[in-house]
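Residues per chain, in single letters:
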Amino acid sequence: MNNNSIFISAYAKLPKGTTAYDLYGVLILAIVLDRDTGIIEKAECSLATKVAVEFVSEHIVGHSLLEPEKLISEFESVYFGAAKKAIVSAINICYEKLQQLNSAQEIGEE
């Protein structure tokens, strides 16, 4: 992590009938990223298996949250689990939070 790292998290609805839903009720996506570049440095989510959590992290880390369409497109091309829609939703929510933070910072600098 660097001095410009920030933490953002998001919640998204999981499909009923999945183990993650039974365990947690919602998906939690937590990311650490560089505020200026949007590059995701660390990521973790609340899925039921270690392999799924690691897979999601490996395919999100290194991407820029400032390019959500590219990140989501690449993620959707490799992830075919039941939580896909929830993960994509959480990525979009994290992007919106980053946009709000950056807008607030710009207003504060004026």
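Here is a short report on the structure shown in this document. Here the structure is a predicted model, which means the values were calculated and not measured. (Residues numbered from 1 in each chain as written. Predicted model: local features only at pLDDT ≥ 70, side-chain atom pairs only at ≥ 80, totals over all residues. Heavy atoms only, no water.)

**Regarding the overall build of the chain**
Next, step 1: On a plain count of helices and strands, the chain comes out with four helices and three strands.
Next, step 2: Secondary structure elements of the chain, listed N to C terminal, follow the sequence β-α-β-β-α-α-α.
Next, step 3: Here the C-alpha atoms of the chain give a radius of gyration of 14 Å, agreeing with the 13 Å that 2.2 N^0.38 yields for 110 residues.
Next, step 4: When the backbone C-alpha atoms are referred to their principal axes, the chain occupies close to 50 × 25 × 20 Å.
Next, step 5: Across the 110 residues that make up the chain, the buried fraction comes to 40%.
Next, step 6: Contacts in the chain between residues at least 24 apart in sequence constitute 52% of all its contacts with a sequence separation of at least 6.
Next, step 7: In the structure as shown, the chain presents an accessible area of about 6,400 Å², 52% of it carried by carbon and sulfur atoms. (Helix = DSSP H or I, 4+ residues; strand = E, 2+ residues; numbered from the N terminus. Rg over C-alpha atoms; globule rule 2.2 N^0.38 Å. Buried < 20%, exposed > 50% of the residue type's maximum accessible area, 1.4 Å probe, protein only. Contact = heavy atoms within 4.5 Å. Areas by Shrake-Rupley, 256 points an atom, 1.4 Å probe, with all protein chains shown as cover.)

**So, the nonpolar core**
Side chains that are nonpolar tend, in soluble globular proteins, to be buried together.
Next, step 1: Grouped together as the largest cluster of nonpolar side chains are 31 residues, with contacts concentrated most on Ile 31, Leu 47, Leu 65 and Ile 87.
Next, step 2: Broken down by secondary-structure element, the contributors of at least two residues to this core are β1 (5-13), β2 (26-34), β3 (40-45), α2 (50-60), α3 (68-76) and α4 (84-109).
Next, step 3: Ranked by residues supplied to this core, first place goes to α4 with seven residues. (Core = buried A, V, L, I, M, F, W, Y, C linked by side-chain atoms within 4.5 Å.)

**Some words on the environment of Thr 18**
Next, step 1: The topology assignment puts Thr 18 in the loop between β1 and α1 (19-24).
Next, step 2: For the pair Thr 18 and Ile 31, spaced 13 residues apart in the sequence, the C-alpha separation amounts to 23 Å.
Next, step 3: Side-chain polar atoms of Thr 18 contact the backbone oxygen of Pro 15, separated by 2.9 Å. (Polar contact = N/O pair within 3.5 Å; in protein donor to acceptor, adjacent residues only side chain to side chain.)

**Some remarks on the environment of Cys 45**
Next, step 1: Note that Cys 45 resides in strand β3.
Next, step 2: Setting aside chain neighbours within four positions, we find Cys 45 in contact with Leu 27, Ile 28, Leu 29, Val 53 and Val 56.

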